[in-house]
Amino acid sequence: MLNYFPEEVLEHVFDFLTSHRDRNAVSLVCKSWYAVERFSREKVFIGNCYTISPERLIARFPRVRSLTLKGKPHFADFNLVPHDWGGYVQPWIESMAKAGVNLEELRLKRMLVSDESLDLLANFFPNFKSLVLVSCDGFSTDGLAAIASNCRFLRELDLQENEIEDRRGQWLSCFPDSCTSLVSLNFACLKGEVNLLSLERLVARCRNLRSLRVNHAVPLDALQRILAQAPQLVDLGIGSFVHDPDSEIYNKIETGMQKCTSITSLSGFLDVTARCLPAVYTICRHLTSLNLSYAPGIYSDELVKLICHCNKLERLLVLDTIGDKGLGVVASTCKELQELRVFPSDLYGVGNAAVTEEGLVAISAGCRKLNSILYFCEQMTNAALIMVAKNCPNFIRFRLATFNPTAPDAVTMQPLDEGFGAIVKSCKGLKRLSVSGLLTDQVFLYMGRYAKQLEMLSIAFAGDSDKGMLYVLNGCKKLKKLEIRDSPFGNAALLADMGKYETMRSLWMSSCEVTLGACKTLAQKMPRLNVEVINESDQMEASVDDKHKVEKMYLYRTLVGPRKDAPDFVWTL
Amino acid sequence: MEGYSRKDVGCPQLLDLIPKEKEWLVKSAEETNHGLSEEKKLELRLGPPGGDWTFKQINGPKNESLLSFGFFPNTTAGATTTSAPTPWQHQAKASFFPLMEKKSCRTVELQGAEKKAFSPANKAVPNSSNAQKRTAPAPVVGWPPIRSFRKNLANGNSSKLSSESQSVVPDKDFSKKPIENCPKSRFVKINMDGVPIGRKVDLKAFNSYEKLSSAVDELFRGLLAAQSDSSTNGIENELEEEKVISGLLNGSGEYTLVYEDNEGDRMLVGDVPWDMFVSTVKRLRVLKSSELPMLSCGSKPGKLSLDGSI
């Protein structure tokens, strides 16, 4: 019956499908749906840039306008992957330029981006509108200058936590006077100076600017002038908030803030004088998102005073300087809280207080809508986790990291198996889990049995034997990404169900018990997997035999075979 | 004794780092009675549980604290006398990582002075509370799992120099060098009650509160004496005599040292670790103890012993 629908109608219906999963599902129905879908797809998400080649992508989706690419494995964030492992965006941009793709939006995560790539991007895609780079590196402010100069319709330039080389050029001044289209500009991660006058002028002429996040080089007085020009801002990232609170400038900022009634998201405070913070209390009332995790200069008391004003908060990112007491205040103030991230502040053992299981329990008791948490803490207990599981059964993401990766229950000295077991049992919608602390195979038994929706799992220093890993591989049917470090899982676990890996995006194992021989076996039996071994030591190839334990292994499913850009230290087996 | 071989050469270097008063460091002369060679006694060795603990023979009843070195979570006093908690272990909750209970053969054998075991490049190094004279113990690579971007932030790397948030403790783990943002000197003003002219003192020149205290004494002793000379009611002091300014830190002296922190609050000097103090202090003041009400009933003991090295 549906075959009699003209394709235009099908296409129109498909337009309402925005999730790429829905679109993927739809394209599997029949050949004509596949064809209609592929010509109408504009947004493509590629979770692992090595799963497919740019040419094949363009062949299937010629009308692609927005591309999201992810490169390095997640553990690259923690220095476990060598810098030049791969994940280059250049071939993608080149192919799309050659094929005349009308690219408008590019979102990259953990990829290597060069100035040359940015230059290509800026010059070959006349309708380019949006560039979002997260945890990327390899480029400099020259690349940004190219984007600023040439992208006439640029709406979004969002740079999150990238390593950008500062070439001291005036990249911000490269936005021509004719550029009035900016809606979102985020350069908070930039280390160098920016031309303040250019910034102010840019903000003044971009009347649609909704989101502005500046870096530490933008001082309070410049901010004040900027806010005067852009009271319509919805998202503000403050650079430097340092001033004498008894000054004229400070008063101006205070009044300026009062006019910014639309701001619902606040971040930054990269440099801060805590006594200036009261100036932002007026906007706190409207805030739904607050990120103070880049502000080690705000101590617990000031933090708490600020948060007391934020009763609409849905998303909060802080450092653990907030302390358990501070979290208690969050619990009683922020009843709408859905996402909480608490990052460690004391990385040098200077003796700053951290948070413990008490803070977590308090939050779970007060913030019943909580569904996503990332919590770095000094200690944890099973009792606390069980309580949290009871209070908040809606967790989608639950990530815990104890300072000591193998810390047992701080009270009973038992493994934390029961605590995490309670979490997976209670949170039936759990999609992402990171565990830490002393853990035996038992916790994995629980995961396999209960974590049926789990898609991503991070394991470190946990488990006793292969059984642990097997419980997970067998039980977690929706598992997509599994990353394991420093755990005693070996060949038996790796090879038990090789077909499983084709249902997953990737598997990372480092400092485990897996040998080279087993990796070779796997690679041989599963041609649609790339099994990469990262070998950083200076060993000669001859001395490496199959019984040798592999330091780092990363495997992922792919339709295009071994990649050609692997560096010397990466062996694709 | 299984599998040990060590050169003499390495041994003294390592042991120089270890405070001599700890039990398991054997002083050569007194304890040769066990018939062990010099080398064996001085050997530091950690192995899997049930491994050969040479220390057992040397140090009798102190076994427990020795065994606790690096592997067992415990709360014995012997192992946790540090006054400056290292990042991944806290007093009274001494759980060192990675715990050896796992079957994975990740034993770390510290054989004498093999630097490898102590180098930051090594993934699994037991954290020692006893060797506090060493620089910051090597953390596990990639733990805690936070992005380098954040690590550099906590280090003050991406913020300007004037930020109050800088920590002065050097880090060894990161490839990014934070050095360019650390000032070589940190001058703060210091004023003293009764002395109209203030001084400036470079906090980087000191590494402890004691040194600061004696510097204050040096700076102001003469000035104070000169003041009381010229004051109309100070008759008792003789012209030449300069009184030593002491007891600045424990409330016992005529004067007490306070400071103004980055939030503008006046705080008593000595409560926080030295490095944290340096990063938050904005100016110093030397006040008359009689003007500080809390000192009249004796000050509360600080978190740290001020005589201990930090």
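Here, every reference points to the structure presented above.
Now for a description of the structure that goes with this document. Counting of residues starts from 1 at the beginning of each chain's written sequence and follows it residue by residue. Chain letters and ligand numbers both follow the written order, the letters beginning at A and the numbers at 1. Per-residue local features are limited, in this predicted model, to residues with pLDDT of at least 70; the limit for side-chain atom pairs, both in listing and counting, is 80 or more; totals at the level of whole chains, interfaces and linings are taken over all residues. The side-chain quantities take in all heavy atoms of the structure and omit both hydrogens and water.

## Quick look at the packing of helix α1 (residues 7-14) of chain A against helix α3 (residues 31-40) of chain A
All names here are of chain A.
Phase 1: Interaxial angle, 0 to 180 degrees, is taken between N-to-C directions of lines fitted to C-alpha atoms, where a helix line uses only the stretch in contact. A run of H or I in DSSP becomes a helix once it reaches four residues, and a run of E becomes a strand once it reaches two; helices and strands are each numbered from the N terminus. Direction vectors running N to C along α1 and α3 enclose 60°, while the axes themselves pass 10 Å from each other. The orientation of α1 relative to α3 falls into the category oblique. Regarding α1 and α3, the two cross each other, and that crossing is right-handed. Together, Glu7, Leu10, Glu11 and Phe14 of α1 and Trp33, Val36, Glu37 and Ser40 of α3 make up the contact between the two elements.
Phase 2: Amino acids are sorted into nonpolar (Ala, Val, Leu, Ile, Met, Phe, Trp, Tyr, Cys and Pro), charged (Asp, Glu, Lys and Arg) and polar (every other residue, Gly among them). Here the contact of α1 with α3 is composed, by residue class, of 4 nonpolar, 1 polar and 3 charged. Any angle from 65 to 115 degrees is called roughly perpendicular, while one under 35 is roughly parallel, one over 145 is roughly antiparallel, and all others are oblique. Helix crossings get a hand from a simple test, with the near helix turned counterclockwise from the far one by less than a right angle marking a left-handed crossing and a clockwise turn marking a right-handed one. When checking whether two residues touch, look at their non-hydrogen atoms; a contact exists if any pair is within 4.5 Å.

## Some remarks on the pairing of strand β3 (residues 105-109) of chain A
Residues and elements named next belong to chain A.
Phase 1: We call two strands paired when DSSP finds no fewer than two bridges between them. In terms of strand pairing, strand β2 (residues 66-70) meets β3 through 5 bridges, oriented parallel. Among the inter-strand pairings, Lys70 is bridged to a residue of β3, identified as Lys109.
Phase 2: A clockwise path from the first strand over the helix to the second, with the strands pointing away from the viewer, defines a right-handed crossover. Between β2 and its parallel partner β3, the chain crosses via helix α5 (residues 90-99), and the hand of that crossover is right-handed.
Phase 3: Bridging between β3 and strand β4 (residues 130-134) involves 5 bridges; their strand directions are parallel. Within β4, the position partnered with Leu108 by the bridge is Leu133.
Phase 4: Regarding the hand of the β-α-β motif, the stretch spanning β3, helix α6 (residues 115-124) and β4 is right-handed.

## Remarks on the sheet that holds strand β2 (residues 195-202) of chain B
Residue and element names in this part refer to chain B.
Phase 1: On the basis of which strands lie adjacent, the open sheet formed by 5 strands has the order β2-β1-β5-β3-β4 and mixed pairing. Strands with a single pairing partner mark the edges of an open sheet, and in this sheet they are β2 and β4 (266-268). Here the average twist between neighbouring strands, direction ignored, is 30°.
Phase 2: Here strand β1 (residues 187-192) runs beside β2; their pairing, made up of 5 bridges, is antiparallel. Looking across to β2, one finds that Met192 is bridged to Val195.

## A look at the packing of aromatic side chains
Phase 1: Centres within 6.5 Å make a pair out of two Phe, Tyr or Trp rings, where for Trp the six-membered ring is used; the pair is then stacked when the planes are under 30 degrees apart, edge-to-face when over 60, and tilted otherwise. A complete count under the given rule lists 20 aromatic pairs over all chains for this structure.
Phase 2: Considering the side-chain rings of Phe398 of chain A and Phe420 of chain A, the 6.3 Å spacing of their centres and the 80° angle between planes classify their relative orientation as edge-to-face. Note that Phe398 of chain A is positioned in strand β16 (residues 397-402) and Phe420 of chain A in helix α16 (residues 417-426), a separation of 22 residues in sequence.
Phase 3: Its relative accessible area of 1% is what places Phe420 of chain A among the buried residues.
Phase 4: Each ring, one from Trp274 of chain B and one from Phe277 of chain B, has its centre 5.3 Å from the other, and the planes form 45°; the classification is tilted. Of this pair, Trp274 of chain B and Phe277 of chain B both sit in helix α8 (residues 274-280), separated by 3 residues, roughly a single helical turn. Of the two residues, Trp274 of chain B and Phe277 of chain B, neither departs from the other in class, the shared state being buried.
Phase 5: Taken together, Tyr50, Phe75, Phe78, Trp85, Trp508, Tyr554 and Tyr556 of chain A form an aromatic cluster joined through their ring pairs. Relative accessibility under 20% of the residue-type maximum defines a buried residue, over 50% an exposed one, and the middle range a partly exposed one, all with a 1.4 Å probe and only protein chains included.

## Observations concerning helix α7 (residues 141-150) of chain A
Residues and elements named next belong to chain A.
Phase 1: Counting buried positions over the 10 residues of α7 gives 7, a clear majority of the element.
Phase 2: Residues Thr141, Gly143, Leu144, Ala145, Ala146, Ile147 and Ala148 constitute the buried set of α7.
Phase 3: On its buried face, α7 is in contact with α6, β4, β5 (137-140), β6 (156-160) and β7 (163-165).
Phase 4: Polar contacts, as used here, are pairs of N or O atoms within 3.5 Å; protein pairs need one atom able to donate a hydrogen and one able to accept it. Residues neighboring in sequence count only if both atoms are side-chain atoms. Here α7 starts with a cap whose side-chain oxygen sits 3.0 Å from the backbone nitrogen of Asp142, and that cap is Ser140.

## Brief notes about the pattern of salt bridges
Opposite charge on two side chains makes pairing possible when the charged atoms of those side chains draw close.
Phase 1: Only one rule defines a salt bridge in this text: a Lys or Arg side-chain nitrogen within 4 Å of an Asp or Glu carboxyl oxygen. This structure, assessed with the given rule, holds 30 salt bridges over all chains.
Phase 2: Here Arg23 of chain A and Glu37 of chain A are joined by a salt bridge, their closest N and O atoms 2.9 Å apart. Taken together, the residues Arg23 of chain A in helix α2 (residues 20-27) and Glu37 of chain A in helix α3 connect sequence positions 14 residues apart. Like Arg23 of chain A, the residue Glu37 of chain A is buried in the burial classification.
Phase 3: Here Arg147 of chain B makes a salt bridge to Asp77 of chain A, at a shortest N to O gap of 3.1 Å. Here Arg147 of chain B is found in the loop between α5 (115-118) and α6 (148-154), whereas its partner Asp77 of chain A is found in the loop between β2 and α5 on a different chain.
Phase 4: In this structure Asp77 of chain A comes out as buried when scored by relative accessible area, which is 7%.
Phase 5: In this structure, a network of salt bridges that share partners links the residues Asp77, Arg110 and Glu161 of chain A together with Arg147 and Arg150 of chain B.

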